[in-house]
Amino acid sequence: MGIFMTGQEHLGKIRDMYTFISERLYFNRPDLSVQGESANATLLLSLLTALIGGKALIIGEPGLGKTTAAEYICSLLYCLPLGVIWSGEVSGHPEQTEEKIVGRPNLGKLNQGEEVVVWSTFARLPVKIVDEINRLPETKQSLILDGLERGKWEYLSQGLINDEFCLFATANYQDQGTNTLVPPLLDRFDIVVESKHPGANIASVIGQSSSRENLLRHPDSEEAFLGALQRTRNGRKAVDVEPLHRRFAKVVHERCGVVMLSRAERQAVRQEMAALPMTLEANALLRMVLAELSFCCKYGQKRSSEVCDEGCHYTNYLCYEVRNCASNRLPGSVYRYAQALAWWCGSPHVDVEHIRTILPYALAHRAQWRESYLLAREHERRQEPLLLHAARHATAAVFHRFHEQRHDILASLGTAARLLDGDDLPPPQGDHPLYSEIRRDLGLELA
Amino acid sequence: MNPFEAFRSYSATRRELPLDRILARRDQVLQRLAQSYQALIEEESKQLIWVVEQGALSRAYSTAVEALQGVDFTVEDLEDMCLELDTNDGVTTPMGAPSGLFIAAMCNQVPAHDIALNLRIFRHRWPFLGYRLPRGRRLYLDGDAGDFVGALLDGGEVVVTGNAGNYTSIGMKTGTVQIGYSTGKYTGEGMRGGTLRVGGRIAALGRAKQGVIYEGDLQVFPTKEPEPSATLKPLASAAQPK
C-alpha cells in the first residue's frame, strides 16, 4: 500500500509538472490520444524521456520551441536552473570540437606534466541538450556516439560516466546548412517528435506573454551550481549538489507551485516503470512489428545494401517496404517508452495500446523506406512530417494484421514455447513473417 | 533460452469467436431435431401406414411432439431443419414422407407466434403443413404448399402465397386458411368450422360440414341463396289490389 501511494504521489507530481509546462511554458495543441486522454505528444514524450533517461530527437521548423521545450522539461525534472541547462548545451555547427563538447586538458596541470581533464558542463550534467544536431558534419557526429549511447565520455586517457542522464537533440528540416544524420547516430535516439506550430491563436498568445524563462531562472542557484561543477575535478570527490537542488526546488515551488522530484524519487519512478509487465498481446504485437522490419524470405534478414525483389510472397508486409533492418535498440526503446506511457496512464501493465502509441515515434527515424512507399505516403493528407506519417501508416498496417491474427499468433507462440521444451506438437504454420521466425527458432527452417 | 517462455500459458485460453459459438449451438440443436425426427421415423416405420386415417395421423403427430420435448429450438432452427429434411430425407411413403407432419409439429412447438417458411427454396412439397396449428399462431408459407395444408387447424392462421394441393383444410376446426392462388380436389373436406379463402380457383370442393369457404370473393360453402333482385320484388302499388 505504501509503495502504491508513493507511486501515485510521483505520478501526481509529474502530471502537475506537465500541466504547469503546458499552461505556462510550452503552448501547443494536444495531438495524441491514449486511453481516452489527450496530450501534446512532444511535451508528453519529452517529459517521459527526461524521466526515464531516454534520448529524444525533436524536429521542427526554426522557432517552434524545440530547444526551449527540452530546456524547461529538463530544468523541472532534474531540478536545475535554466542558466545551468544553457551552460551545458552544445550547439551543432561545423566548427564544433571534441574539446568544446567533451572536455579539455587542464593547461595549468599539463604544464606541470600532469594529464588532467576538465570535463565540459555538457559531459557532466545529467541533462544533455544538443541544439541543431544536424548542423554537425557527419564526421563529427561520431564524436558523440558513445557518449550518447552510454553516458560514457572519454578524453585523453580519462573517462567520465554519467550514472543518470537524458538526451535531447533538436534538428531543423533540411536547409543549406544542415547535414544528414548518420544512421548509427539516428538509431541511438529512442524516439523522434515534432514540435509543431501551435496554431495562430495560441501563437498570438505566446507573442503577448511575458518572458516565460524567468520562472525557471535563479542566478544565485545558477552561480552556485556552476561553481560546484567547476570545483569538481578528476580525482577529487564530487561536490554534493543535492543541497543546491533542494534550494532551487524550494524557489520554484514558491514561485510556481510546482513540486520537483529529487534524484531518489526519479530513480523510484524508473523502478516503478520498469516493474510494469507487458501483456502477452503487447508482446506479440511487438514481435510482429520486429518480424516485419527484419525478416527477408530470400536473403534471411533485411540488409540496407540488399533490395528484395518484386513479386515476393511477402510483398504486402513491411519487410518489402523497408530497406534496412530493425536494430536491437528499437524493441528496447519501444518497451521502455511503452512502460513509461503505461505508468503515465496509471495502467498496471503495458498493453497493446501503449505499444501502438509509441511505435511511430520509435520507428520514424530508424526506418529507411522504399522510395515507392514514401511516394505513396507523401501526398496523403496528414498532420505530421512525412517520416512520422509513414511510420504511423506502417504501425496501423501491422496493427490491422495483428488484430486479424492475434489469437493464431499467440497460440503459435504458445505452441513454440512447448515445442522448445520437447512437447510433441504440430509446428506452427502461418503466412506472417513471424511464423517463419518461429520456425527458424525451432530449427525447422534455415536461419 | 526459450524466447517463447512468456506464451507458454496461452494455450489454456482457447480462442472462441462468437460465430463459432453460434454455429456450435446451431449444430447441436439441429442434431437434436434430427434425432427427434429419426425417433418419429422409427416409430412410424413399424406401422408403414400413411393413409388419411385419423388414428394414424394423430398417433404420428403425438410421436413427433413427444420427440420434440426438451429440444430448445427457434424459428431459424426450424428453417435449418427443413433444409436438412429437404436435402437428406430419404423416407418415402405413399403419401409422402412424415417430414411434413414433423415440420407441422415443430411449427406448433416452436416458441414463436409468427412462423415464416420460404417454400420456394425446397425441392419437396411436404403435406400437412399447418396441421393442428393452434390459436395465436400464424404460419406464413411463401410459395406452393402440398396436400393437406391446414389439416385439423385448431384456431391458427395459415397463409399460402401460392397454390395448395388436395385436401386443403381437411377436418379444420377453427381458424383461417388463406390460399393465394388455387387449390386441388377435396378442398375443405370434412371442415367443421373456420374460414377457408382461396384467391384463385378450387378444383373441386370436398364435403365440408361447417365453416365458410370462399373462392375469390364468392362464398362457395355454405352456398348462399341468391338474394332476390330489387327489380323482381313486387311493387307495393301492384300488391295493393290483392
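Each remark here, short or long, concerns the structure printed above.
*Asks:* Would you mind showing me how to read the interface of chain B and chain A here?
*Replies:* Often the size quoted for an interface is simply the accessible area lost on bringing the parts together. Chain B puts 12 residues into the contact, and the matching count from chain A is 18 residues. In this assembly, chain B packs against chain A so that about 1,400 Å² is buried in total across both faces, 64% of it on carbon and sulfur atoms. Between D421(A) and R8(B) there is a salt bridge whose closest N-O contact spans 2.0 Å. Here chain B and chain A share 6 residue pairs in polar contact (both at pLDDT 80 or more) between them.

*Asks:* I keep staring at the sheet that holds strand β6 (residues 210-215) of chain B and nothing clicks. Help me out?
*Replies:* Working definition: the strands of a sheet are paired by backbone hydrogen bonds and lie parallel or antiparallel to each other. All names here are of chain B. In spatial order, the strands read β1-β2-β3-β4-β5-β6-β7; together these 7 strands make up an open sheet with mixed pairing. At either margin of the open sheet sits one strand with a lone partner, and together these are β1 (114-118) and β7 (218-221). Taking each pair of neighbouring strands and ignoring which way they run, the sheet shows an average axis angle of 15°. Across 5 bridges, the pairing between β1 and strand β2 (residues 138-142) is parallel. Opposite I115, over in β2, you have L139 as the bridge partner.

*Asks:* Hey, could you run me through the nonpolar core in this one?
*Replies:* In globular proteins that are soluble, nonpolar side chains generally tend to be buried together. Core analysis: the largest hydrophobic core is formed by 138 residues, its most contacted members being L57(A), L76(A) and I133(A). Per-element accounting of this core gives the leading share, 13 residues, to helix α20 (residues 386-420) of chain A. Two domains each donate at least three residues to this core, and these are domain 1 (2-267) and domain 2 (280-441) of chain A. Apart from residues no more than four positions distant in its own chain, I133(A) is found in contact with L57(A), I144(A), A169(A), T170(A), A171(A), L181(A), L185(A) and F189(A). Ranked by size, the runner-up nonpolar core spans 60 residues in total, among them L101(B), Y131(B), M191(B) and A208(B).

What counts as what
- Residues numbered from 1 in each chain as written.
- Chains lettered and ligands numbered in written order.
- Predicted model: local features only at pLDDT ≥ 70, side-chain atom pairs only at ≥ 80, totals over all residues.
- Heavy atoms only, no water.
- Contact = heavy atoms within 4.5 Å.
- Buried area = accessible area lost by both parts, 1.4 Å probe.
- Salt bridge = Lys/Arg side-chain N within 4 Å of Asp/Glu carboxyl O.
- Polar contact = N/O pair within 3.5 Å; in protein donor to acceptor, adjacent residues only side chain to side chain.
- Pairing = 2+ DSSP bridges.
- Helix = DSSP H or I, 4+ residues; strand = E, 2+ residues; numbered from the N terminus.
- Axes fitted to C-alpha atoms, helices over the stretch in contact; angles between N-to-C directions.
- Core = buried A, V, L, I, M, F, W, Y, C linked by side-chain atoms within 4.5 Å.
- Buried < 20%, exposed > 50% of the residue type's maximum accessible area, 1.4 Å probe, protein only.
- Domains from an automatic or database assignment.

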